[in-house]
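# Analysis of the macromolecular model
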Amino acid sequence: MPTHVKRAFKYRFYPTDAQAAELSRTFGCVRKVYNMALAARTEAWARQERVNYNQTSALLTAWKKTEELAYLNEVSSVPLQQALRHLQNAFTNFFAKRAKYPRFKAKKTSRASAEYTSSAFRFRDGRLTLAKMADPLDIVWSRPLPEGAVPTTVTVSRDSAGRWFVSLLCEDPRVKPLAATDTAVGIDVGLDHLLTLSTGEKIANPRHERRDRERLAKAQRELSRKAKGEGANRRKARQKVAKIHARIADRRRDVLHKLTTRLVRENQALVIEDLTVRTMVKNRSLARSISDAAWAQFRSMLEYKADWYGREVIAVDRFFPSSKLCSACGSLAEAMPLGVRTWTCGSCGTAHDRDVNAANNLLAAGLAVSVCGAGVRPQRRTPGGQSAMKQKTPRREP
């Protein structure tokens, strides 16, 4: 783990009309350059040729000299170059089979953002001024930056609800490995309860989307009645829907941050199930509830915080029968429908809560993998003859 962790601090800000116009123009140019570079690389790919970042950078210079694209000179060149770097990273991930082929950015659906490196902004005495702007941004400093922190990268964005945000990437010396502990916990995610721990604790599912479902449905009905196009009334109705979605997402993120921070601070090893959420949401009857529970976001937060604080996250193979396996004697039940929440082992007579039993089995399987070492997939035969495969998630290199 590095001496200091680079961490992004996100704040809301309120631009002046001139600043909003400049940033909106920059967002449009960033999207245009990204799409043009992607088109050029795609055409080259069809000819079985490779185009790298340096070549797209040369293309950008040529585009700026044309009459049709001369407006690209009106915005800072740094966000445009950063868009080309992001495209290069997307292709690197594609060729490494970590991601799908890069997609074009649509005006209505893509995230409006621009990234500025240190040469394109000035940060002094808590005041941030971007290139091509005379005045600093009016930022709401909801929490302090680390003492003496100097941002290396600034990302400005606008969400679908019309809110403006600025994210400052800084080194945070306050993030250090926690003192080692001998505690470990198995975590079973669910819908009735968001999390069930091997300690027996059950954490309620807040169901954020369900709480606002009536308001959301009403706003969506109002939007559907507006004439299609770019009219002011339709734009207002669309923004009203976006604000409700943003409120749901904000509350969900807040709960997950608090939960993951607490779990990482209390436990040295955290064992979870390696679920394929993308596949699970194809179940139309459960898709809405699974998306609202945000299991993938929970795992992502758990992993990067474990990386920060010197903890270990172990993912047990998704085919391991954690719910059907008796955590007391190891017997495997023949069937366990989702409606069965409590059951009694036919071999030893132990009464089980389905979720607590699953969490205990995940913990035992995860600790077995940890003892065997990274990259090992040991198998143990259950009395029913089924292989209980377990896999350790490798620690991400800092």
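From a predicted model like this one, the values you see are computed outputs, not experimental measurements.

Turning our attention to the pairing of strand β9 (residues 193-197). Extensive coverage of β9 is indicated by the burial of four of its five residues. Bridge analysis of strand β8 (residues 184-189) against β9 gives three bridges, and the strand direction is antiparallel. The residue of β9 that forms the bridge with Ile187 is Leu197. Counted between consecutive antiparallel strands, the loop separating β8 from β9 contains three residues. Of the strand pairs in this sheet, β9 and strand β10 (residues 202-204) are connected by three bridges, and their pairing is antiparallel.

Moving on, we get to the packing of aromatic side chains. For the structure shown, the criterion picks out 12 aromatic pairs. Ring plane angle 65° and centroid distance 6.3 Å describe the contact between Phe123 and Trp141, whose orientation is recorded as edge-to-face. Within this pair, whereas Phe123 is found in strand β3 (residues 121-124), its partner Trp141 is found in the loop between β5 (139-140) and β6 (153-158), the two being separated by 18 residues in sequence. A centroid spacing of 6.2 Å and a plane angle of 80° characterise the contact between Trp308 and Tyr309, whose relative ring orientation is edge-to-face. Taken individually, Trp308 and Tyr309 each receive the classification buried, so the pair is uniform in this respect. In this structure an aromatic cluster arises from ring pairing among Trp45, Phe91, Phe94, Phe95 and Tyr101. Directly above the ring of Phe95 sits Arg50, whose terminal nitrogen or CZ lies 3.9 Å from the centroid. Positioned above the aromatic ring of Tyr34 is the side chain of Lys105, whose terminal nitrogen or guanidinium carbon lies 4.5 Å from the ring centre.

Let's shift gears to empty space enclosed by the protein. Going through the model one piece at a time under the given rule, you end up with two cavities of 30 Å³ or more. The volume enclosed by the largest cavity comes to roughly 50 Å³. Forming the boundary of the largest cavity are Leu194, Asn205, Pro206, His208, Arg252, Val255, Leu256, Asp292, Ala293 and Ala294. Looking at the lining of the largest cavity, the elements that each hand over two or more residues are α6 (232-266) and α8 (287-293). Looking at which element gives the most residues to the lining of the largest cavity, the answer is α6, with three residues. Of the volumes computed, that of the second largest cavity is approximately 40 Å³. Taken together, Arg207, Glu209, Arg210, Arg213, Arg288, Ser289 and Asp292 make up the lining of the second largest cavity. Tallying contributions element by element places α8 first for the lining of the second largest cavity, with three residues. In terms of residue class, the lining of the second largest cavity is built from no nonpolar, one polar and six charged.

Turning our attention to the pairing of β3. Sheet topology note: the β3/strand β4 (residues 127-130) ladder contains four bridges and is antiparallel. Within β4, the position partnered with Arg124 by the bridge is Arg127. The turn linking β3 back onto β4 is made up of two residues, and Asp125 within it adopts a positive phi angle of 50°.

A few words on helix α9 (residues 295-309). Under the 1.5 Å per step criterion, the end-to-end length of α9 is 21 Å for 15 residues, consistent within 8% with the ideal 21 Å. Listed in full, the buried residues belonging to α9 are Trp295, Phe298, Arg299, Met301, Leu302, Lys305, Ala306, Asp307, Trp308 and Tyr309. Looking one or two residues beyond α9, the residue adopting positive phi is Gly310, at roughly 70°.

Our focus in this paragraph is the pattern of salt bridges. A full pass over the atoms with the stated rule returns 23 salt bridges. The residue Arg262 makes a salt bridge to Glu266 at a minimum N-O spacing of 3.5 Å. Here the residue Arg262 and the residue Glu266 both occupy positions in helix α6, the gap between them amounting to four residues, near one helical turn. Several salt bridges share partner residues, and in doing so they unite Asp159, Arg163, Asp250 and Arg253 into one network.

It is a probe the size of a water molecule, rolled over the atoms, that shows where empty space is left. One number sums up the size of the largest pocket: a volume of about 1200 Å³. Lining the largest pocket are 31 residues, and of these Ala8, Lys10, Arg143, Arg253 and His257 lie nearest its centre. The set of elements that each furnish at least two residues to the lining of the largest pocket consists of β1 (5-13), β6, β7 (164-172), α6 and α9. If one sorts the elements of the lining of the largest pocket by residue count, α6 sits on top with nine residues. Here the lining of the largest pocket is built from residues that sort into 10 nonpolar, six polar and 15 charged. Here the second largest pocket defines a volume of roughly 1000 Å³. Looking at the second largest pocket, it is lined by 31 residues, and the ones nearest its centre are Lys107, Lys108, Ser110, Ala112 and Arg158. Contributing elements (two or more residues each) for the lining of the second largest pocket: α1 (17-46), α3 (77-95), β2 (112-117), β6 and α6. Here the residues of the lining of the second largest pocket are counted per class, giving eight nonpolar, 11 polar and 12 charged.

Our next topic: the UniProt feature "domain: Cas12f1-like TNB" (unreviewed entry) in the protein. When the UniProt feature table is mapped to this numbering, "domain: Cas12f1-like TNB" (unreviewed entry) covers residues 295-362. What you have in residues 295-362 is 35% helix and 16% strand, and the ends, taken at the C-alpha atoms, are 16 Å apart.

Rules and cut-offs
Residues numbered from 1 in each chain as written. Predicted model: local features only at pLDDT ≥ 70, side-chain atom pairs only at ≥ 80, totals over all residues. Heavy atoms only, no water. Buried < 20%, exposed > 50% of the residue type's maximum accessible area, 1.4 Å probe, protein only. Helix = DSSP H or I, 4+ residues; strand = E, 2+ residues; numbered from the N terminus. Pairing = 2+ DSSP bridges. Phe/Tyr/Trp six-rings, centres within 6.5 Å; stacked < 30°, edge-to-face > 60°. Lys NZ or Arg CZ within 6 Å of the ring centre and 35° of its normal. 1 Å grid on protein atoms, 1.4 Å probe; cavity = no way out; pocket = protein on both sides within 12 Å on 5 of 7 lines; lining within 4 Å. Points joined across faces, edges and corners; volume = space filled by probe spheres on them. Nonpolar A, V, L, I, M, F, W, Y, C, P; charged D, E, K, R; others polar. Expected span 1.5 Å × (residues − 1). Salt bridge = Lys/Arg side-chain N within 4 Å of Asp/Glu carboxyl O. UniProt positions renumbered as here; feature names shortened; annotations may be inferred.

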